Amino acid sequence: MWLAGNGSLCYHSLKADKQLILIDGHHLATAEVSLFSGGAYDPAIEIKVAADQDAHEHEDLFFGCASQGDYEAWIRAFESARYMAVKTMNLGHTMAGELHKFRLAVKNRRIKVNEKDSGDHVPVFKSKLWKLKADTDKAKEQNWFEREMWISQNGTLVYFSLKEDRQGARLLHP
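Everything in this summary refers to the structure shown in the same document. As the structure is a computational prediction, the values presented were derived from the model and not from experiment. (Residues numbered from 1 in each chain as written. Predicted model: local features only at pLDDT ≥ 70, side-chain atom pairs only at ≥ 80, totals over all residues. Heavy atoms only, no water.)

## Here we look at the packing of aromatic side chains
Summed over all chains, the structure comprises two aromatic pairs. With a centroid separation of 4.8 Å and 65° between ring planes, the pair formed by Phe36 and Phe62 is classed as edge-to-face. With a gap of 26 residues between them, Phe36 in strand β4 (residues 32–36) and Phe62 in strand β6 (residues 59–64) connect regions that are remote in the sequence. On the numbers, 5.6 Å between centres and 35° between planes, the contact of Trp74 with Phe78 is tilted. Of the two residues, Trp74 and Phe78 both sit in helix α2 (residues 68–85), four residues apart, roughly one turn of that helix. The residue whose ring lies beneath Lys126 is Trp150, and the NZ or CZ to ring-centre distance is 4.8 Å. (Phe/Tyr/Trp six-rings, centres within 6.5 Å; stacked < 30°, edge-to-face > 60°. Helix = DSSP H or I, 4+ residues; strand = E, 2+ residues; numbered from the N terminus. Lys NZ or Arg CZ within 6 Å of the ring centre and 35° of its normal.)

As structure tokens, this is what we get:
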């Protein structure tokens, strides 16, 4: 058995006479790897692979080691495999900045409340709140501004924008 460069646990199947993947890297990265004792081989490794949305079922696998040194080497290798499987791409500063702008744009989506829709936005609870300006220092008072906000009958968080002189709704449906 061996760990591949992508963090997958692999083996050579004598029956099929080929190399196969026993646990792929992204499943191994989230698996619980621990000492198992009380079996025929001591020490042994227990790997608990969790079920996921890819129809991968929960699985417990056990592997006996020839020595304590082998066990420790495998445990270190499994820890390294975790990092191999979850490495992220380095897209550079430009891409990181564009991704940040995109995240803010999505996070700051608002819908305008039209007169014909205003019946859906009748307040159930209304009060003034201080809202933090996006991506600013929470500790600085100038980054906070007061808004009249309410929870509407349809469960949307609604506010009145003085700057735009209109009602707006934050997309926060229950």
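Picking up where we left off.
## Re the pattern of salt bridges
Enumeration over the complete set of coordinates arrives at one salt bridge. Salt-bridge contacts for Lys126 lead to Glu148; the nearest nitrogen and oxygen are separated by 3.9 Å. With a gap of 22 residues between them, Lys126 in strand β8 (residues 123–132) and Glu148 in strand β9 (residues 144–152) connect regions that are remote in the sequence. Owing to a relative accessible area of 43%, Lys126 belongs among the partly exposed residues under this scheme. (Salt bridge = Lys/Arg side-chain N within 4 Å of Asp/Glu carboxyl O. Buried < 20%, exposed > 50% of the residue type's maximum accessible area, 1.4 Å probe, protein only.)

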